[in-house]
Amino acid sequence: MENQAEPRARRSPVPAVVRRRPLLAGAVAGSLALGAVLLCVPFGEPPVARAPAAAAPGARAGTAVVAGMQAAPADLGELIGQRERTVRRQPRDARSWALLGTAYVEQGRRTGDAAGFYPKAERALHTSLRVGPDHPDALDGLAGLAVARRDFRGALGWSETALEAAPKRWSAYPALIDACTGLGDYKRAYAALGRLRRLTSGPAVLARAAEVYRERGWREDAAAALSDAAAAAAGPAERAARLERGGQLAFERGDREDALRHFEEAVRLDPHLGAAHAGRGRALAALGRTARAQSAYRTALARQPLPQYALELGELQESLGLRQEAGVQYDLVRERVRRDAAGGVDGDLVLGLLEADHGDPVAAVRLLRAEWRRQPGIDVADALGWALHRIGQDTEALGYATVATDREHGGTVRSAPYVYHRGVIEQAMGRSGAARRHLEEALRINPYFSPLGAPLARAALAQVGEPPDVGVPR
């Protein structure tokens, strides 16, 4: 099953602040004061000894966020309130600072308010390192924050530092896997999953395994792992998150009805889960229920206003001829990317996708070239190849499209949009046979992959036509 070709290793140098241990304390010097500004905490002399903190009202959320699992919004709010009170009373409590910072990261993810929560998370996590140098919870939290910001180089550095401090600490591995995937180092991500599974087991590990299996093109294995993770989930929020991811897998293989069942059950379990509402919109649009699809996307944006959801809604509206409404959503994408940048989020990938098809393709190429230099994953390879095609640079575009779709180059994920992009680029270059093969493959993987792209793929395939009948050779 496994592709034997070695993916290209693009591991980038870790920032010096991570690699040089003496500089770590310097990088966070003064962060105790920042933590005081964050919560107006009066810092005093550290106590000589401190008894273990009593169980917090948000204990369930604390267990979830430390394990990289989803917490219910009410539980998460209780956890944040409890830890804020704790650090006011005990400002030298490194673990409470770390848990508070990790909870802020999760709150930022759930609400889509990166500017509001990620800077607070960073200050709390650095404060934890200041009062308890190399505290493993803080290092894990900083790695998770970097992943949330799409800073995969930073996530790699913090994960490696966490493993240096505690080599057998399993909780450092999820962010390491995400970092390796984002940097295009799929072989290392798979190896990290193997080490994680040797250290521990459970629903969080199953969910992480599903992501790695998907990246390697093992859809059945990914779906089975997610199903097991959902069955073993500790609570409704965690189960909803696994069902939502299962819905994404079902949609990627073109099973609209199964995807919709997953998303609707996830919404029932966790009505605040924006990703599940967006998934409903995706599935409903594929089923032709476009009015309900638009309503689902609007609910997703109200719960979690991510740029990607606005882009999807805009493309659905454009496919329906609602160009003015679509333009409003495209402007919202740009606004959200700018706002998220205040929280340290790298939004150049989604902005590049927007500009390539609905704005300035030259600007898209500029953004995506820089993104490729920073973190060369296959999602960036696909986007950059498509943007280059949009400005007529098809020879270079095909190189990136090949990285995104060719197993020999690491593109093992079976993605209809990626294969569609490659087929269109090949068609523009006059490579009819390859274009036909890839356009047919895209529609075979998922005939409903995009309300704009799928009809264009069918039109392109019709234009390429059937292969010539040359008869049987004598």
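Residues numbered from 1 in each chain as written. Predicted model: local features only at pLDDT ≥ 70, side-chain atom pairs only at ≥ 80, totals over all residues. Heavy atoms only, no water.

Colleague: In this structure, what is going on with the overall build of the protein? I would like to understand it.
Modeller: Scanning the protein for helices and strands turns up 26 helices and zero strands. Looking at the protein as a whole, 57% of its 474 residues are labelled buried. The long-range fraction of contacts in the protein, counting pairs at least 24 apart against all pairs at least 6 apart in sequence, stands at 59%. As displayed, the protein has an accessible area near 20,200 Å², and 53% of this comes from carbon and sulfur atoms. (Helix = DSSP H or I, 4+ residues; strand = E, 2+ residues; numbered from the N terminus. Buried < 20%, exposed > 50% of the residue type's maximum accessible area, 1.4 Å probe, protein only. Contact = heavy atoms within 4.5 Å. Areas by Shrake-Rupley, 256 points an atom, 1.4 Å probe, with all protein chains shown as cover.)

Colleague: Explain the packing of aromatic side chains here, please?
Modeller: Evaluated as defined, the whole model comprises six aromatic pairs. With 5.8 Å between their ring centres and 40 degrees between their planes, Trp386 and Tyr420 make a pair best called tilted. Of this pair, Trp386 sits in helix 22 (residues 378-390) while Tyr420 sits in helix 24 (residues 416-428), and the two are 34 residues apart along the sequence. On the accessibility criterion, Tyr420 (7% relative accessible area) is buried. Measuring from centroid to centroid gives 5.4 Å for Tyr420 and Phe449, while their planes differ by 45 degrees, and the two rings are tilted. With Tyr420 in helix 24 and Phe449 in the loop between helix 25 (432-445) and helix 26 (453-464), this pair connects stretches of sequence that are 29 residues apart. Taken together, Tyr190, Tyr213 and Trp218 form an aromatic cluster joined through their ring pairs. Geometry around Tyr190 places Arg216 over its ring, the cationic atom sitting 4.1 Å from the centre. The positively charged end of Arg256 is found above the aromatic ring belonging to Tyr448, 3.8 Å away from the centroid. (Phe/Tyr/Trp six-rings, centres within 6.5 Å; stacked < 30°, edge-to-face > 60°. Lys NZ or Arg CZ within 6 Å of the ring centre and 35° of its normal.)

Colleague: Would you explain helix 9 (residues 152-165) in this entry?
Modeller: The α-helix advances 3.6 residues per turn, and as a result positions three or four apart in sequence lie on the same side. The end-to-end C-alpha separation of helix 9 is 20 Å, in line with the 20 Å expected for 14 residues at 1.5 Å each. Among the 14 residues of helix 9, 11 are classified as buried, and the element is accordingly described as predominantly covered. Taken together, the buried positions of helix 9 are occupied by Phe152, Gly154, Ala155, Leu156, Gly157, Trp158, Ser159, Glu160, Thr161, Ala162 and Leu163. (Expected span 1.5 Å × (residues − 1).)

Colleague: Help me understand the nonpolar core, please; the structure alone is not making it clear to me.
Modeller: Nonpolar side chains in soluble globular proteins tend to end up buried together. Grouped together as the largest cluster of nonpolar side chains are 64 residues, with contacts concentrated most on Leu76, Leu79, Tyr118, Leu176, Ile177, Leu193 and Tyr213. Setting aside its immediate chain neighbours within four residues, Tyr213 contacts Leu193, Arg197, Trp218, Asp221, Ala222 and Ala225. Judged by nonpolar contacts, the second largest core, of 38 residues, contains Trp386, Val413, Ala416 and Ala454. (Core = buried A, V, L, I, M, F, W, Y, C linked by side-chain atoms within 4.5 Å.)

Colleague: Whenever I open this one, the side chain of Arg245 confuses me. Can you help?
Modeller: Topologically, Arg245 is positioned in helix 14 (residues 236-252). Side-chain polar atoms of Arg245 contact the side chain of Gln248, separated by 3.1 Å. Setting aside residues up to four positions removed in sequence, Arg245 forms contacts with Glu211, Arg214, Leu226 and Glu252. (Polar contact = N/O pair within 3.5 Å; in protein donor to acceptor, adjacent residues only side chain to side chain.)

Colleague: Would you mind showing me how to read helix 23 (residues 394-405) here?
Modeller: Here helix 23 spans 16 Å end to end across 12 residues, near enough to the 16 Å set by a 1.5 Å rise per residue. Most of helix 23 sits out of view: nine of its 12 residues are buried. Every buried residue of helix 23 is accounted for by Asp394, Ala397, Leu398, Tyr400, Ala401, Thr402, Val403, Ala404 and Thr405.

Colleague: Please clarify how the pattern of salt bridges should be interpreted in this entry.
Modeller: Proximity of charged atoms lets side chains of opposite charge pair with each other. Counting across every chain of the model gives 30 salt bridges. Among the ionic pairs, Arg245 bridges to Glu211, the shortest N-O distance being 2.6 Å. Taken as a pair, Arg245 in helix 14 and Glu211 in helix 12 (residues 203-215) lie far apart in primary sequence, 34 residues in all. In this structure, a network of salt bridges that share partners links the residues Arg150, Asp346, Asp348, Glu371, Arg374 and Asp379. (Salt bridge = Lys/Arg side-chain N within 4 Å of Asp/Glu carboxyl O.)

Colleague: Sorry, what's going on with the side chain of His277 here?
Modeller: The topology assignment puts His277 in helix 16 (residues 274-286). With relative accessibility at 7%, the residue His277 sits in the buried group.

Colleague: Would you take a moment to explain the confidence of the model for the protein for this structure?
Modeller: Counting all residues, the mean pLDDT for the protein is 87, and 86% of those residues have values of 70 or more. Counted against residues more than four places away or in other chains, residues 1-57, with its pLDDT under 50, gives 103 contacts. (pLDDT = per-residue confidence, 0-100.)

Colleague: How should I be thinking about the packing of helix 18 (residues 307-319) against helix 20 (residues 348-358) in this particular structure?
Modeller: To describe two helices that pack against each other, one gives the angle between their axes and the distance between the axes. The N-to-C vectors of helix 18 and helix 20 enclose an angle of 20 degrees; their axes lie 10 Å apart at closest approach. In terms of orientation, helix 18 and helix 20 fall into the roughly parallel class. Here helix 18 runs over helix 20; the crossing is left-handed. Of the residues in helix 20, those in contact with Pro307, Gln308, Leu311, Glu315 and Glu318 of helix 18 are Val350, Leu353, Leu354 and His358. Split into classes, the residues belonging to the contact of helix 18 with helix 20 amount to five nonpolar, two polar and two charged. (Axes fitted to C-alpha atoms, helices over the stretch in contact; angles between N-to-C directions. Parallel < 35°, antiparallel > 145°, perpendicular 65-115°, else oblique. Left-handed = near helix turned anticlockwise from the far one by under 90°. Nonpolar A, V, L, I, M, F, W, Y, C, P; charged D, E, K, R; others polar.)

Colleague: I would appreciate a short explanation of unusual backbone geometry in the present structure.
Modeller: With glycine set apart, most residues show a phi of negative sign, and most peptide bonds adopt trans. The phi dihedral of Asp134 falls on the positive side, at around 60 degrees, and the residue is not glycine. Positive phi, normally seen in glycine, also occurs at Arg150, with a value near 60 degrees. Counting through the fold element by element, Arg150 comes out in the loop between helix 8 (136-148) and helix 9.

Colleague: Before we go on, may I ask you to explain the packing of helix 18 against helix 19 (residues 323-341) in this structure?
Modeller: Contact geometry for helix 18 and helix 19: axes closest at 8 Å, N-to-C directions at 170 degrees. As judged from the angle between their axes, helix 18 and helix 19 are roughly antiparallel. Crossing hand, helix 18 versus helix 19: left-handed. Between helix 18 and helix 19, the contacting residues are Pro307, Ala310, Leu311, Leu313, Gly314, Glu315, Gln317 and Glu318 on the first element and Arg323, Glu325, Ala326, Gln329, Tyr330, Leu332, Val333, Arg336, Val337 and Asp340 on the second. Among the residues making up the contact of helix 18 with helix 19, the classes are represented as nine nonpolar, three polar and six charged.

Colleague: Teacher, can you tell me more about the environment of Gly453 here?
Modeller: As for its placement among the helices and strands, Gly453 is situated in helix 26. In this structure, the C-alpha to C-alpha distance between Gly453 and Pro417, residues 36 residues apart in sequence, is 7.6 Å.

Colleague: Would you explain the environment of Leu313 in this entry?
Modeller: By the element assignment, Leu313 lies in helix 18. The exposure class of Leu313 is buried, given its relative accessible area of 0%. Sequence separation between Leu313 and Ser295 is 18 residues, and the spatial gap between their C-alpha atoms is 9.5 Å. For Leu313, the contacting residues outside a window of four places in its chain are Gln294, Tyr297, Arg298, Leu301 and Gln329.

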